[in-house]
Amino acid sequence: STEGLGAVQATASAAVTETAEVGADITAAAVGAVEGAIEVAKDIGVSAEEAAAAAATGAIDAAGAVSETAGRRVRRAVEGTIGGVKVVGKSTLGK
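Keep in mind it's a predicted model, so treat the numbers as computed, not measured.

The helix and strand tally for the chain stands at four helices and two strands. Beginning at the N terminus, the succession of helices and strands in the chain can be written as α-α-α-α-β-β. Against the compact-globule benchmark of 12 Å for 95 residues, the chain has a radius of gyration of 12 Å, which places it among compact chains. The buried share among the 95 residues of the chain stands at 41%. Put simply, 61% of the contacts in the chain that link residues at least 6 apart link residues at least 24 apart.

When the terminal C-alpha atoms of helix 1 (residues 2-21) are compared, their 28 Å separation across 20 residues agrees well with the 28 Å that a helix rising 1.5 Å per residue should span. Taken together, the buried residues of helix 1 touch helix 2 (26-40) and helix 3 (48-66). Of the residues flanking the end of helix 1, it is glycine 23, one or two places downstream, whose phi is positive at about 80°.

Along the chain, glycine 64 turns up in helix 3. Separated by ten residues in the primary sequence, glycine 64 and valine 74 have C-alpha atoms spaced 8.5 Å apart. When neighbours within four sequence positions are excluded, glycine 64 is seen to be in contact with Gly71 and Leu93.

This brings us to the nonpolar core. Counting residues in hydrophobic clusters, the biggest one holds 27 residues, and the most contacted among them are Val16, Val34, Val74 and Val78. Mapped onto this core, the elements with two or more residues apiece are helix 1, helix 2, helix 3, helix 4 (68-78) and strand 2 (85-87). Residue contributions to this core peak at nine residues, all from helix 3. Those residues within four positions of valine 16 in sequence are excluded, and the remaining contacts are Ile26, Ala30, Ala59, Ala62 and Ala63.

Thresholds, definitions, all that
- Residues numbered from 1 in each chain as written.
- Predicted model: local features only at pLDDT ≥ 70, side-chain atom pairs only at ≥ 80, totals over all residues.
- Heavy atoms only, no water.
- Helix = DSSP H or I, 4+ residues; strand = E, 2+ residues; numbered from the N terminus.
- Rg over C-alpha atoms; globule rule 2.2 N^0.38 Å.
- Buried < 20%, exposed > 50% of the residue type's maximum accessible area, 1.4 Å probe, protein only.
- Contact = heavy atoms within 4.5 Å.
- Expected span 1.5 Å × (residues − 1).
- Core = buried A, V, L, I, M, F, W, Y, C linked by side-chain atoms within 4.5 Å.

The following block contains the structure:
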(Lines give C-alpha, C1' and ligand atoms only; values in the text may rest on other atoms or scores of the structure.)
Protein backbone atom coordinates (compact mmCIF):
# COMPACT_ATOMS: atom_id res chain seq x y z
CA SER A 1 0.00 0.00 0.00
CA THR A 2 1.07 3.59 -0.58
CA GLU A 3 0.42 4.36 3.09
CA GLY A 4 2.61 1.47 4.13
CA LEU A 5 5.44 2.64 1.88
CA GLY A 6 5.11 6.16 3.29
CA ALA A 7 5.40 4.76 6.80
CA VAL A 8 8.46 2.71 5.83
CA GLN A 9 10.11 5.79 4.32
CA ALA A 10 9.28 7.94 7.37
CA THR A 11 10.55 5.27 9.77
CA ALA A 12 13.88 4.95 7.93
CA SER A 13 14.22 8.74 7.82
CA ALA A 14 13.54 9.02 11.56
CA ALA A 15 16.01 6.23 12.35
CA VAL A 16 18.81 7.99 10.46
CA THR A 17 17.93 11.42 11.88
CA GLU A 18 17.85 10.15 15.47
CA THR A 19 21.07 8.19 14.98
CA ALA A 20 22.81 11.28 13.60
CA GLU A 21 21.59 13.35 16.57
CA VAL A 22 23.30 11.02 19.04
CA GLY A 23 26.45 10.79 16.93
CA ALA A 24 26.15 7.09 16.11
CA ASP A 25 26.75 5.29 12.79
CA ILE A 26 24.09 6.45 10.34
CA THR A 27 25.13 3.97 7.66
CA ALA A 28 24.42 1.07 10.04
CA ALA A 29 21.06 2.63 10.95
CA ALA A 30 20.21 3.02 7.26
CA VAL A 31 21.08 -0.57 6.42
CA GLY A 32 19.08 -1.75 9.45
CA ALA A 33 16.08 0.27 8.28
CA VAL A 34 16.26 -1.28 4.82
CA GLU A 35 16.56 -4.77 6.32
CA GLY A 36 13.53 -4.08 8.51
CA ALA A 37 11.55 -2.80 5.55
CA ILE A 38 12.29 -5.97 3.60
CA GLU A 39 11.00 -8.03 6.56
CA VAL A 40 7.68 -6.14 6.82
CA ALA A 41 7.03 -5.85 3.07
CA LYS A 42 4.60 -8.79 2.93
CA ASP A 43 2.71 -7.49 5.97
CA ILE A 44 2.02 -4.15 4.28
CA GLY A 45 1.19 -5.70 0.90
CA VAL A 46 4.16 -4.51 -1.16
CA SER A 47 7.15 -6.21 -2.76
CA ALA A 48 10.43 -6.43 -0.90
CA GLU A 49 11.99 -4.23 -3.60
CA GLU A 50 9.35 -1.50 -3.13
CA ALA A 51 9.75 -1.53 0.65
CA ALA A 52 13.56 -1.49 0.38
CA ALA A 53 13.44 1.43 -2.08
CA ALA A 54 11.16 3.41 0.24
CA ALA A 55 13.42 2.80 3.23
CA ALA A 56 16.56 3.61 1.23
CA THR A 57 14.99 6.84 -0.03
CA GLY A 58 14.02 7.92 3.49
CA ALA A 59 17.46 7.07 4.82
CA ILE A 60 19.32 8.87 2.01
CA ASP A 61 17.14 11.99 2.30
CA ALA A 62 17.60 12.12 6.09
CA ALA A 63 21.36 11.66 5.78
CA GLY A 64 21.49 14.32 3.09
CA ALA A 65 19.84 16.72 5.53
CA VAL A 66 22.81 16.10 7.85
CA SER A 67 25.39 16.73 5.13
CA GLU A 68 26.07 15.98 1.48
CA THR A 69 28.86 13.63 2.52
CA ALA A 70 26.52 11.75 4.85
CA GLY A 71 23.98 11.43 2.04
CA ARG A 72 26.59 9.95 -0.26
CA ARG A 73 27.84 7.53 2.43
CA VAL A 74 24.33 6.30 3.17
CA ARG A 75 23.48 5.91 -0.55
CA ARG A 76 26.60 3.74 -0.99
CA ALA A 77 25.68 1.70 2.09
CA VAL A 78 22.06 0.97 1.15
CA GLU A 79 22.18 0.61 -2.62
CA GLY A 80 23.10 -2.77 -4.02
CA THR A 81 21.82 -6.04 -2.62
CA ILE A 82 20.63 -6.36 0.98
CA GLY A 83 19.10 -9.60 2.19
CA GLY A 84 18.95 -10.89 -1.36
CA VAL A 85 16.91 -7.86 -2.51
CA LYS A 86 18.18 -5.34 -5.06
CA VAL A 87 17.90 -1.92 -3.43
CA VAL A 88 17.60 1.32 -5.43
CA GLY A 89 16.83 4.57 -3.62
CA LYS A 90 14.66 7.11 -5.35
CA SER A 91 16.46 10.10 -3.81
CA THR A 92 18.54 12.40 -5.98
CA LEU A 93 20.83 13.20 -3.04
CA GLY A 94 24.32 11.78 -3.05
CA LYS A 95 24.36 10.85 -6.74
